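# Descriptive structure summary
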Amino acid sequence: MMLAFAEIRRARGRFISIIGALALITFLVLTLSALSDGLFYGSTGAYRSSNANGYAFSSDAEGSLIRSRVPVTDVAKYQQIPGVTKASGVGVLLSSGTGPNGELDLAVFGIEPGGAGVPTTLTSGRLPEPGEDNAAAVDKTVVDKGAGIGSTIKVGDRAVTVVGVTQDSNYQLQPTIWTTVPTWRAMQSSVRPETRGLAPNYSAVALEFASGTTAASIPPVNGTAVLSTEEAALAIPGVKEQRSTLNSIIYTTLLVAALVVALFFALIVLEKRELFAALKALGTSTRRLANTVMTQALVASVIGVIIGIVASRILGLVLPAQVPTLFRTESLIQISIFTIVASVIGALFSLRRIARIDPATALGGALQ
Amino acid sequence: MTTNTAAEADVQKTGRPILEVLNVTKTYGEGHTAVTAVADASLSVEEGQFVSLLGPSGSGKTTLISMIGGLLTPTSGTIRLGDQMVSDMTKKELTSLRAERVGFVFQSSNLVPFLTARENLLYVASLPKNHNRKVAAKRADELLGELGLSDRANNIPEKLSGGERQRVAIGRALMNDPDLILVDEPTAALDTALGRQVVQLLAREVKQRGKTGIMVTHDLRMVEYTDQVFEILDGHLTKSDGTTPPAGH
Ligand SMILES: Nc1ncnc2c1ncn2[C@@H]1O[C@H](COP(=O)(O)OP(=O)(O)OP(=O)(O)O)[C@@H](O)[C@H]1O
Ligand SMILES: [Mg+2]
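Residues numbered from 1 in each chain as written. Chains lettered and ligands numbered in written order. Predicted model: local features only at pLDDT ≥ 70, side-chain atom pairs only at ≥ 80, totals over all residues. Heavy atoms only, no water.

## Describing the overall build of chain B
Inclusion rule: Strands here mean DSSP runs of E at least two residues long; helices mean DSSP runs of H or I at least four residues long; both are numbered from the N terminus. Partly exposed describes any residue whose relative accessible area lies between the buried limit of under 20% and the exposed limit of over 50%, with all areas from a 1.4 Å probe on protein chains only and scaled to the type maximum. Contacts were defined at the residue level, with two residues in contact if any of their heavy atoms lie within 4.5 Å.
Tallying secondary structure elements over chain B gives seven helices and 10 strands in all. On the principal axes, the C-alpha backbone points of chain B span a range of 50 × 50 × 35 Å. In chain B, which comprises 249 residues, the proportion classed as buried is 54%. Partitioning the intrachain contacts of chain B with sequence separation of at least 6 by distance along the chain shows that 71% fall at a separation of at least 24.

## Here we look at the interface of chain B and chain A
Counted only if it meets this: Buried area is understood as the total, over both parts, of accessible area removed when two parts are fitted together, assessed with a 1.4 Å probe. Salt bridges are counted wherever a side-chain nitrogen of Lys or Arg sits within 4 Å of a carboxyl oxygen of Asp or Glu. Polar contact criterion, stated in full: a pair of N or O atoms within 3.5 Å, where within protein one must be able to donate a hydrogen and the other to accept it, and residues adjacent in sequence count only if both atoms are side-chain atoms. Note that Gly is not counted as nonpolar here; it falls among the polar residues with everything else outside the nonpolar set of Ala, Val, Leu, Ile, Met, Phe, Trp, Tyr, Cys and Pro and the charged set of Asp, Glu, Lys and Arg.
Contact with chain B, which involves 29 residues of that partner, is made by 24 residues of chain A. Across the interface of chain B and chain A, roughly 2,400 Å² is buried in total on both sides, 68% from carbon and sulfur atoms. At the junction of chain B with chain A, the criterion picks out one salt bridge. Where E119(B) meets R10(A), a salt bridge forms, and the shortest distance between an N and an O atom there is 2.7 Å. For the pair chain B and chain A, the number of links is six residue pairs in polar contact (both at pLDDT 80 or more). Those elements that provide at least two residues to the side of chain B that touches chain A are α2 (61–68), α3 (91–101) and α4 (117–125) of chain B. The leading source of residues in the side of chain B that touches chain A is α4(B), at four residues. Looking at the side of chain B that touches chain A residue by residue, the class counts come to 17 nonpolar, eight polar and four charged.

## Brief notes about the pairing of strand β4 (residues 102–111) of chain A
Residue and element names in this part refer to chain A. The criterion, for reference: The pairing criterion for strands is at least two bridges between them, as found by DSSP.
The buried fraction of β4 is high, at seven of 10 residues. When strand β3 (residues 84–99) meets β4, the two strands line up antiparallel, connected through nine bridges. Across the sheet, the residue bridging to G97 is L104, located in β4. Connecting the antiparallel pair β3 and β4 is a turn made up of two residues. Strand direction decides the pairing type here: β4 and strand β9 (residues 176–180), joined by five bridges, are parallel. Across the sheet, the residue bridging to G110 is T179, located in β9.

## A short note on the packing of aromatic side chains
Counted only if it meets this: Two rings belonging to Phe, Tyr or Trp (six-membered ring only in the last case) form a pair when the distance between their centres is within 6.5 Å. Interplanar angles under 30 degrees mark stacking, angles over 60 mark edge-to-face geometry, and anything in between is tilted. Throughout this description, the term charge over a ring refers to an Arg CZ or Lys NZ atom that lies within 6 Å of the ring centre and within 35 degrees of the ring normal.
Per the counting criterion, the structure on display carries nine aromatic pairs over all chains. Summarising the aromatic geometry, the rings of Y47(A) and Y55(A) are spaced 5.2 Å apart at their centres and angled 80° between planes, so their arrangement reads as edge-to-face. Relative accessible area serves as the criterion here: at 2%, Y47(A) is assigned to the buried category. Arranged with centres 5.9 Å apart and planes meeting at 10°, the rings of F104(B) and F106(B) form a pair that is stacked. Since its relative accessible area comes to 1%, F106(B) is described here as buried. Every member of this aromatic cluster is reached through a ring pair, and the members are Y47(A), Y55(A), F57(A), F109(A), Y171(A) and W178(A). The lysine or arginine in question, R243(A), covers the ring of F40(A), its NZ or CZ lying 4.1 Å from the ring centre.

## A word on the pattern of salt bridges
Residue and element names in this part refer to chain A. Overall, the coordinates contain 27 salt bridges over all chains when judged by the stated rule. One salt bridge in this structure joins D74 and K77, with 3.8 Å as the shortest N-O distance. Taken together, the positions of D74 and K77, both in helix α3 (residues 73–80) and three residues apart, correspond to about one turn of that helix. Exposure remark for D74: the relative accessible area of 3% places this residue in the buried category. Here R126 makes a salt bridge to E129, at a shortest N to O gap of 4.0 Å. According to the relative accessible area criterion, E129 is partly exposed, its value standing at 46%.

## A closer look at the side chain of T295(A)
All names here are of chain A. Summarising the element assignment, T295 is placed in helix α9 (residues 286–318). There is a polar contact of 2.6 Å between the side chain of T295 and the backbone oxygen of N291. With residues near it in sequence (within four places) discarded, T295 still touches M1, A4 and F5.

## Let's talk about the sheet that holds strand β9 (residues 228–233) of chain B
All names here are of chain B. This is how it is decided: Lines fitted to C-alpha atoms define the axes, with helix axes restricted to the stretch in contact, and inter-axis angles between N-to-C directions lie between 0 and 180 degrees.
Overall, mixed pairing links the six strands, which are arranged β6-β7-β8-β3-β9-β10 in an open sheet. The open sheet has two free edges, formed respectively by β6 (102–105) and β10 (236–240), since each of these has just one partner strand. Taken pair by pair, the neighbouring strands of this sheet meet at an average axis angle of 20°, ignoring direction. Across four bridges, the pairing between strand β3 (residues 50–54) and β9 is parallel. Of the residues in β9, the one forming a bridge with S52 is V229. Its contacts with the sheet put α3 on β6 and β7 (180–184), and the angle it makes with β6 is roughly 80°.

## Side note on the sheet that holds strand β4 (residues 76–81) of chain B
Residues and elements named next belong to chain B. Strand order in the open sheet made by the four strands is β2-β1-β4-β5, with antiparallel pairing throughout. Across the chains shown, the open sheet's two edge strands, defined by having one partner strand only, are β2 (35–45) and β5 (84–85). The strands touched by α2 within the sheet are β1 (19–28), β2 and β4, with β2 carrying the most contacts at an inclination of about 55°.

## Some thoughts on the domain arrangement of chain A
All names here are of chain A. In plain terms, the rule: Annotation comment: domain bounds sourced from an automatic or database domain assignment.
The domain boundaries assigned to chain A delineate domain 1 (2–43 + 240–362) and domain 2 (54–212). On a C-alpha basis, the centres of domain 1 and domain 2 stand 47 Å from each other. On the domain 2 side, the residues contacting the six residues of domain 1 number five residues. For domain 1, the biggest contributors to the area lost against domain 2 are Y41, G42 and S43; these three give 82% of the whole. Viewed at the interface, domain 2 and domain 1 are joined by zero salt bridges. Where domain 1 meets domain 2, there are two residue pairs in polar contact (both at pLDDT 80 or more). Here the residues of the side of domain 1 that touches domain 2 sort into three nonpolar, three polar and no charged.

## Regarding a positive patch on the surface
Residue and element names in this part refer to chain A. The condition that has to hold: Only residues above 30% relative accessible area that lack a salt bridge enter a patch, with like-charged residues linked at up to 9 Å and the nonpolar side chains Val, Leu, Ile, Met, Phe, Trp and Tyr linked at up to 5 Å. Accessible surface area values rest on a Shrake-Rupley calculation with a 1.4 Å probe, where residue burial reflects the displayed protein chains alone. Under the counting rule used here, the positive set is Lys and Arg, the negative set is Asp and Glu, and His together with the chain ends is not counted. A charged residue contributes its charge at one atom only: NZ of Lys, CZ of Arg, CG of Asp or CD of Glu.
Side chains of R273, R352, R353 and R356 sit close together on the surface and give a patch of like positive charge. In terms of residue count, the dominant contributor to the positive patch is helix α10 (residues 329–356) (three residues). Inspection of the secondary structure puts R353 in helix α10. Among the residues examined, R353 registers a relative accessible area of 37% and is labelled partly exposed.

## Remarks on the site of ligand 1
To be explicit about the condition: Note on definitions. A residue lies near a molecule or strand when any single heavy atom of the residue is within 4 Å of it.
Not every one of the 15 residues close to ligand 1 is listed here, only the nearest: S57(B), G58(B), K61(B), T62(B) and T63(B). Looking at what sits near ligand 1, you find residues from chains A and B. Between ligand 1 and S59(B) there is a distance of 3.2 Å, counted from an oxygen atom to a backbone nitrogen or oxygen. For ligand 1, the protein covers 73% of the area, taking 630 Å² as the surface of the free molecule. Among the elements that line the shell around ligand 1, the one with the most residues is α2(B), at three residues. Grouping the amino acids of the shell around ligand 1 by side-chain chemistry returns five nonpolar, eight polar and two charged.

Dropping the structure here:
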């Protein structure tokens, strides 16, 4: 311990470089993961907050709510299927609307209050009641843009009053408003004239299953396909791809962290071969030298990780709200542990070198 | 200590040398590339004696004291330090032997560059299995005082002169109250006057503390501070009477 800390204190320069490298790596990984989480959570909130266990889409929609269109009669058909406890129509419309502070990009969800496909993350107020066609609950991000409870939001020629607030319920990075199916339909025909005159339909059917029933075990009604809510979330265009790309960048960066630390300590050990030989000659065990190096790796990575966390938090504060980042404590803890473990593994590689140092080389003369 | 064991120790002191090297050979490598660095060497040193080991470059001086100090294992022969057979020990036992019973002074002082003079002494004090911090701190201060380093105690080696560094190295070698002090060319990095001072200091410490010391040197002028002179030539060790200059010098 004495050696480990004295060296960090008195040979600060070289440790600042490794701490800096690790801080940078942690910062990078945390920021990437915040982006990955931000994209994922911002895209899938409507599903993750839903009380539905699955959704039935039209079979050509590939699980996308936007592309899917199912006839209203399918709802009754799904209600007949054993294992389905609730089936309700759900309508989705991506459109701009007008709030108290001007224009808003929105995802309008038409739901059947009391049915399936309803958000469960209400933090204040309430959801619209059946038949209450001029009311909506909105995601907290809409409130952040100035449309709190009591405000009016207008989509096309239809206006609704905000009666409740939900949390983490957005869809495809668009803030959601949750209204009744008739209101959704009215908004749709107002902003999408091409949908007027079509037979009445929904975007999809939200399903609630009896326990023990899975999406795969439901026989789909003709012309539809059933996905579990989790599958539907991953089927949102781009979600899977973004997540796997960002995750592979994150894993690569962690590998780089291990390599950087391995290289750093390999260099340190190489540089200190003579000193380590002398210390061994004086009666220091290989184990004690190994402990010294491992302690240094641990201290350097912990300090680096802390600096990286602080830096990424500061970035999170100054980033404009349009950048979809989400700094989750769970990801932060996971990444911190990964980085520290990667560093420790990197440092482990230098232990073999330490073990191989021959104390006999410490004495002068031909032995060196 | 009872009078009985004290008497026994006395008998041991006079009856049996503290260090006994018997027919020790060290061969590096195998087959036709084998080099016999030390051939059938025997020597014994009494407690309290400071001896010098002379010989030309490549004659086997470092190899011999490395075996005595438990840094190398002899190819054949035995080495006994007090009641311990150094030549039979495992690597692990040798590590504790060096920590507890042997003090080394290297050619270049090899102090820990990021520890102060005082901390360099305290570091070796922390190596033996049972050590006492308070005792160590007191002893370090005493030694530093004796070596004239009291006001340099909190400097790192970089801030010390070559002579001061070698004095710290001597303090470090004495720190754990070893039975044996091994010194390999302590003056190589110093000028003559400084080298003489350092060797004088070594001789004084060894004498005062009743230690046993072996010093490897190229420098015939340092011989006057030692009690016995051994000479090694091509691995063959002989005791010199100190009157005729050894060959190769
Ligand atoms: N590890 C080794 N492997 C092979 N040969 C060695 C090794 N160490 C020393 N030797 C050889 O053993 C012989 C004695 O070497 P040693 O270092 O003991 O000499 P020395 O008397 O200390 O020399 P110097 O005065 O130059 O320090 C030399 O011929 C040397 O080349
Ligand atoms: Mg030598």
